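Residues per chain, in single letters:
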Number of protein chains: 2
Amino acid sequence: MEQTKIVMDQLKAFDPEISKGLQQLFFNDKQEKVQKWQKLFEDPVFYPKYDIPLDAQRQLAYDRLKKVSEAKLFSIFDFNNDPKNLLTAHEMLGYTDGSLATKFTVQFNLFGGTLMATSTDRHMPFMKKVDDLTNMGCFCFSELGYGNNAPKMETTAHYDDKTKTFTIHSPTTLSQKYWITNGACHANQAIVFAQTIVKGKNEGVNPFIVRVRDDNMKPCAGVTIEDMGFKMGLNGIDNAKLKFNQVKIPRENMLNKINDVTEAGDFVSPIPKVTQRFFKVADRLLSGRLCIAAMCLSTCKMCLCVAVKYSQQRLGVGLSGESDTPIMAYQLQQNALMPLIARTAVLNFGYNDAKDLFANPTGREFEQIKTFCVVKTMVGWHLQNAATVCRERCGGGGFTAHAQLHQGIAGAHSGMTAEGDNRVLMQKVVKDILADLQQKRHRLPAMTKCPRKGIPSQDFITDLETLTNLIYYREHAEIKNMTDILKKKIMEEGKKFFDVWMYEVSDEIQNLATAFGERIFLEGALNRLNAAKSDKLKEVLFKTIRLHCLHQLKENLGWYLMNGVINAKAAKYVDADYQQAVKALVPHINDIIEAYDYPRIAAMNAPIARDYVKFNEQPDSENVNAAGGLFDFKKGPKL
Amino acid sequence: MEQTKIVMDQLKAFDPEISKGLQQLFFNDKQEKVQKWQKLFEDPVFYPKYDIPLDAQRQLAYDRLKKVSEAKLFSIFDFNNDPKNLLTAHEMLGYTDGSLATKFTVQFNLFGGTLMATSTDRHMPFMKKVDDLTNMGCFCFSELGYGNNAPKMETTAHYDDKTKTFTIHSPTTLSQKYWITNGACHANQAIVFAQTIVKGKNEGVNPFIVRVRDDNMKPCAGVTIEDMGFKMGLNGIDNAKLKFNQVKIPRENMLNKINDVTEAGDFVSPIPKVTQRFFKVADRLLSGRLCIAAMCLSTCKMCLCVAVKYSQQRLGVGLSGESDTPIMAYQLQQNALMPLIARTAVLNFGYNDAKDLFANPTGREFEQIKTFCVVKTMVGWHLQNAATVCRERCGGGGFTAHAQLHQGIAGAHSGMTAEGDNRVLMQKVVKDILADLQQKRHRLPAMTKCPRKGIPSQDFITDLETLTNLIYYREHAEIKNMTDILKKKIMEEGKKFFDVWMYEVSDEIQNLATAFGERIFLEGALNRLNAAKSDKLKEVLFKTIRLHCLHQLKENLGWYLMNGVINAKAAKYVDADYQQAVKALVPHINDIIEAYDYPRIAAMNAPIARDYVKFNEQPDSENVNAAGGLFDFKKGPKL
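What counts, and where the lines are drawn
- As a convention, each chain's residues are numbered from 1 in the sequence order in which they are written.
- By the order in which they are written, chains take letters starting at A while ligands take numbers starting at 1.
- In keeping with the model being predicted, local features are shown solely for residues with a pLDDT of at least 70 and side-chain atom pairs are shown and tallied solely at 80 or more, while totals for entire chains, interfaces and linings include all residues.
- Excluding hydrogens and water, the side-chain values take into account all heavy atoms of the structure.
- UniProt positions are given in the numbering used here, feature names are shortened, and annotations may be inferred rather than shown by experiment.
- Numbering of helices and strands runs from the N terminus, with a helix taken as a DSSP run of H or I at least four residues long and a strand as a DSSP run of E at least two residues long.
- For the radius of gyration, the atoms used are the C-alpha atoms, and the globule rule reads 2.2 Å times the number of residues raised to 0.38.
- The classification of residues rests on relative accessible area computed with a 1.4 Å probe and restricted to protein chains. Under 20% of the type maximum is buried, over 50% is exposed, and intermediate values are partly exposed.
- It only takes one pair of heavy atoms within 4.5 Å for two residues to be counted as in contact.
- Per-residue and other accessible areas follow the Shrake-Rupley method at a 1.4 Å probe size, with only the shown protein chains counted as cover for residues.
- Under the counting rule used here, the positive set is Lys and Arg, the negative set is Asp and Glu, and His together with the chain ends is not counted.
- Working definition for charges: the position is that of NZ of Lys, CZ of Arg, CG of Asp or CD of Glu.
- When the copies are overlaid, the least-squares fit takes in C-alpha atoms only where the residue has pLDDT of at least 70 in both copies.
- We treat two strands as partners when DSSP finds at least two bridges between them.
- We call a pair of cysteine sulfur atoms a disulfide whenever their separation is within 2.5 Å.
- By definition, the buried area sums, over both parts, the 1.4 Å-probe accessible area that each loses when the two are put together.
- Think of a salt bridge as a Lys or Arg side-chain nitrogen and an Asp or Glu carboxyl oxygen that are within 4 Å of each other.
- Two N or O atoms form a polar contact when they lie within 3.5 Å of each other; inside protein one atom must be a possible hydrogen donor and the other a possible acceptor, and for residues adjacent in sequence the pair counts only when both atoms belong to side chains.
- In the scheme used here, Gly and all other residues not listed as nonpolar or charged are polar, with Ala, Val, Leu, Ile, Met, Phe, Trp, Tyr, Cys and Pro taken as nonpolar and Asp, Glu, Lys and Arg as charged.
- Cavities and pockets were defined on a 1 Å grid built from protein atoms only: a cavity is a group of points that admits a 1.4 Å probe but offers it no way out, a pocket is an open group of points flanked by protein on both sides within 12 Å along at least five of seven lines, and a lining residue is one with an atom within 4 Å of any such point.
- Grid points are joined across faces, edges and corners, and a volume is the space filled by probe spheres set on the points.

By the naming in an unreviewed UniProt entry, chain A is Acyl-coenzyme A oxidase, taken from Stylonychia lemnae. Listed in UniProt under the heading Cofactor (unreviewed entry), the comment for chain A reads: "FAD". Recorded under Sequence similarities (unreviewed entry), the UniProt text for chain A is reproduced unchanged: "Belongs to the acyl-CoA oxidase family."

The structure is reproduced here in structure tokens:
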């Protein structure tokens, strides 16, 4: 049979049973939640609008947030009752609007979540007004000068035992609270983190509730709010700089679950060391990182769905010279998109394990920081790469705003440096691994054969078991490399830790954290493969994971060869097997894409994913006006 | 001396003599032109404006284009008198505004350049009105359905020998002229490419002048213009879809330098084969690719300048725990930015050679297509990568619009798929190389030692000579690989060329084209090194090129090891030498950045590159209003 015909048949294949099975594996929560969110997104407020002024973009993001709040699909009390629901909400919002998702994460995780974690009974009336946005919050943590050195923040909260008040103050330009989401327009309340000065002594950073706007939404006395203006994307987010000029707040506004100041002005804390107090109160940044991963993962699936559906209809030149072949048939398109689809699934499974760890950390609390950080960084970078490739592979079709792919690029950039610069978080991951190694609690991945002994003699290394061993081995090797270097440079050569860490081992840090991340993602994927009940599902999972592993091996071939972990003869087969693995997954492309929870939303939001020729029959002005994108208010979405 | 102190001294180093020498190497045209453009950009119309509606963005881009036109720094007659000036203009515009640059390239290269290439004396009065925008043009070439298969376009021009007119017609949705820059707002004239039907016979595609708007800027009878709406960036460009419904134009509107239709209706052409005529008339797309490279190269230098200048002031945690160390001191920042700086220089030199080839192709005409295409693709991809890394390494500072880095990301995406999808152009490059090989005119790079024999036995491979041989060898090897595969699959296995090309050798095509591109860039760089007169300049060039080569080797280590071109022992030194090469270039960072022609513009356009603390002292609203960005109309730019 003609080659084009074979590929075109593969592109049409669809097995609803497999797709259903995958959908249940991709979404790690109660399935009925998805339908509720999808139903909500049919509200016209969620249809894309373009070319609207900054003010209107922010208002739109707020209107959407209000709709989400009214739908009562999430409550801050879910932190206690249904912790997974926090992440589920972020996944669903990541499919629709990054600005909305960001405003949501600040209101419900950073603001609401910090309240849940650090409040006491006296704050309950305040907290009951968070879900419905009566108390609309911002999270005043980062300062301009201390983005990556938050413990050194300059904002102060001085306690005065005569008036029983704290005075919140920003002494310098560098101490402005910076990038504060919800700050420029919608927040009336803030949680402000400040150095807590009691009886002349700095007791470290604590959170305080500070009202920032009055009932008329004017800034309160002493509070200066400056709009941060236009950004490279996500302009529905109203970011601000906040300065406090001797703002007095009642003692009770201190969030005092962990530390407290008594009326008489005694600082009370279960943690004696000031430096250690910091990480306890800044706790919500941690779940925040998983929230970002949730958003990025969905946005990534959105991008892949749009790119694949467009590529399946978009015709390019065929054997006859006519434009009769869908571009998804080309090896060029498959080699670009299929590995991204495979990796997205593998990251999804690792993320799902992190979601479980978030919901039930008992006995594994220490694993949270390194796991959540590496999930955040690696999903964010993957989104950046995937959205970029999807945009490029859709050509001009992907450059238009109605393709939605720009959301992926802007969302990735926001995710990569918000709530911790990814590269700095990777340093944190390695510090945690090193500390856990010392405490003998870092669990290393179990290999079925040791690469140092067995694999270099193997001439065939592309079976899944060997691939797994190779990926797992990288973590072992990078840990040994790092500990050897640190031992040599610090113990033997007497160098300062800071100097070695900041000036000599940057790449080694990133490599070790990456190796750890790749391992936990792969573990997550293999667990799904092993647990899969149907043979058909097992087969798709197997092909997906193997393609991902082959891609990893291909990307790191130099390292494996240089270190003698594999031999050159074996390496020569990798590329051909990889090419075959790409082709082998193509017949399951619809099974996977339809298993995302996005296609129903795509039908409304991304016209090029539907029928790009039909879309181009209509005057485009209809798609760019402010009235509601593709939504015809008389007839509903043009499906 | 303390490590931080050493690095901070390196970051301050500056040698004006070296910098001046580099500037003269980076800019390959008469130096006095630069000052004229920089002077022009001091006009307030060029200061960034944010949060302005789509209409206003387009008007602003037009107003800027008008200023450029009035400055008379470029004329379409420069195609004859000073061809380099075309590219120089694009380089200068790439520093300022991608929308402006794109409107410029369409008006002056695609529209004006096609006129220059295909007009005859009868068109001279029309052409004299192009420089001053009286004839404001668009280039109606691509159709929705034939983006990558333009010879099959559907628009027709039927000649009627009774009325001596052509009738221009778009028969289908897919035949709409698509992505037409200047179309939505500003063009009154178009060059329309159409299948030319004379006496019932399709004589192939020719260009015709078609008036699209009347004196009141209303679309002419039969011309439907639809606005393409909002895009992921570059929204100052007014893209449109154009449809023609039986639009009659005089016979003389055919651009008849190559082919002609006589009054009596005889088609006259020096090229007998219809298919071969196409590439002759579509000639301007080729220089257009070099124009895109020019824009992307400057935008890349803009991004690096902003990122470096910001990183030199932005303070992070230091040895003491205080935020007292510029982030540019960190190895993390250096490892991210220095290789990009080195590669930008190397690409710049290769681009400069292409600029010379454009200006003086005599005897080397056949090299133009493969060279210009590979320069366009690889500079565009490099910009995408560089802008992405710069944005990420500037954290939140890079996410604000006033950092200008978003221009790099959007500009790269536009460049990567405009005037030929980069990946498809790489296929074109390989087809050209294969054809030139058959004609024995493809010049292979000369190696001083043959890697197959000498290098695998070498344990040290990081000297520049060996690195050069390794990079050059890749082209030899990829050509052999490709010709072997094609021979085997087509000659021996009897497969169709189309099937092999589109379904089996995608990666090999990209690899070969890339190897060719890497070679011509490196040749360009080495030529500058060899010609450099001062030892100091030689040293900086040497360090720059060696870092670039080490980065290339590191990226492709797997390939070199797998194919036995280097040995594992030698490979083990690569990483350490690479790390040292990064550090070795740091003391020249100011020499290089100041050698770009951008810093003077940056002072006006990108406040975070100037003094980010001072910038944050001012209300940000000043920076986002529509009145002119950082420009204070009373006092001039706040420098």
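This is not the end of the story, as more comes after the structure.
K.L.:
Give me the lowdown on the overall build of chain A, citing residues and values where you can.
P.N.:
Within chain A, the regular secondary structure consists of 25 helices and 15 strands. Taking 2.2 N^0.38 as the reference for a compact globule, 639 residues should give roughly 26 Å; the C-alpha atoms of chain A span a radius of gyration of 26 Å, in line with that estimate. The dimensions of chain A, computed from C-alpha atoms along their principal axes, are 90 × 75 × 40 Å. Looking at chain A as a whole, 65% of its 639 residues qualify as buried. Nonlocal contacts in chain A, meaning residues at least 24 apart in sequence, comprise 74% of its contacts between residues at least 6 apart. When the accessible area of chain A is evaluated, it comes to approximately 22400 Å², of which 53% is carbon and sulfur surface. Measuring between centres, the 81 positive side-chain charges of chain A sit 3 Å from its 72 negative side-chain charges.

K.L.:
Can you break down the relation of the copies chain A and chain B residue by residue, with the values?
P.N.:
After a rotation of 180 degrees and a shift along the axis of 0.0 Å, chain A superposes on chain B with an RMSD of 0.0 Å. Read as a symmetry element, the transformation amounts to a two-fold axis. Relative to the rotation axis, the C-alpha of Gly558(A) is the closest in chain A, positioned 1.8 Å from it. Taken as a fraction of all interface residues of chain A, those also at the interface in chain B reach 100%, which identifies the copy contact as same-surface.

K.L.:
So, the pairing of strand 5 (residues 189-198) of chain B: which residues are in play, and what are the values?
P.N.:
All names here are of chain B. The element strand 5 is extensively covered by neighbouring structure, given that 10 of its 10 residues are classed as buried. Sheet topology note: the strand 1 (residues 137-140)/strand 5 ladder contains four bridges and is parallel. Within strand 5, the residue paired with phenylalanine 139 across the bridge is isoleucine 191. In terms of strand pairing, strand 2 (residues 156-160) meets strand 5 through three bridges, oriented parallel.

K.L.:
So what about the state of the cysteines? Which residues, and what values?
P.N.:
One pass over the full model with this rule turns up zero disulfides over all chains. Left without a disulfide partner, Cys305(B) is nearest to the cysteine sulfur of Cys303(B), which lies 9.9 Å away.

K.L.:
Lay out the interface of chain A and chain B with the relevant residues and their values.
P.N.:
Counting from both sides, the interface comprises 97 residues of chain A and, opposite them, 98 residues of chain B. In this assembly, chain A packs against chain B so that about 8000 Å² is buried in total across both faces, 58% of it on carbon and sulfur atoms. Contact with chain B buries surface across chain A, with Phe399(A), Tyr503(A) and Met562(A) losing the most and accounting together for 11% of the total. Joining chain A to chain B, the criterion identifies four salt bridges. A salt bridge links Asp421(B) to Arg393(A); the nearest nitrogen and oxygen atoms lie 3.1 Å apart. Counting across the interface, chain A meets chain B through 46 residue pairs in polar contact (both at pLDDT 80 or more). The biggest single contributor to the side of chain A that touches chain B is helix 14 (residues 405-417) of chain A, with seven residues. Split by residue class, the side of chain A that touches chain B holds 38 nonpolar, 35 polar and 24 charged.

K.L.:
Quick rundown of empty space enclosed by the protein? Include the residues and the values.
P.N.:
Inspection of every chain in the model, using the stated rule, returns three cavities of 30 Å³ or more. Estimates place the volume of the largest cavity at around 60 Å³. Taken together, Leu144(A), Tyr178(A), Trp179(A), Tyr310(B), Gly396(B), Gly397(B), Thr400(B), His402(B), Ile608(B), Tyr612(B), Phe615(B) and Asn616(B) make up the full set of residues lining the largest cavity. Secondary structure elements with two or more residues in the lining of the largest cavity: strand 4 (177-180) of chain A together with helix 13 (395-399) and helix 24 (612-617) of chain B. Counting residues per element, the lining of the largest cavity draws most heavily on helix 24 of chain B, at three residues. The class makeup of the residues in the lining of the largest cavity is seven nonpolar, five polar and no charged.

K.L.:
Summarise the UniProt feature "active site" (unreviewed entry) in chain A; cite the residues concerned and give the values.
P.N.:
Residue and element names in this part refer to chain A. On the UniProt side, "active site" (unreviewed entry) is annotated at positions that read Glu419 here. Tracing the chain through its elements places glutamate 419 in the loop between helix 14 and helix 15 (422-438). Sequence-distant contacts of glutamate 419, that is, excluding residues within four places in its chain, are made with Leu110, Leu285, Gly288, Arg289, Ile292, Lys376 and Leu425.

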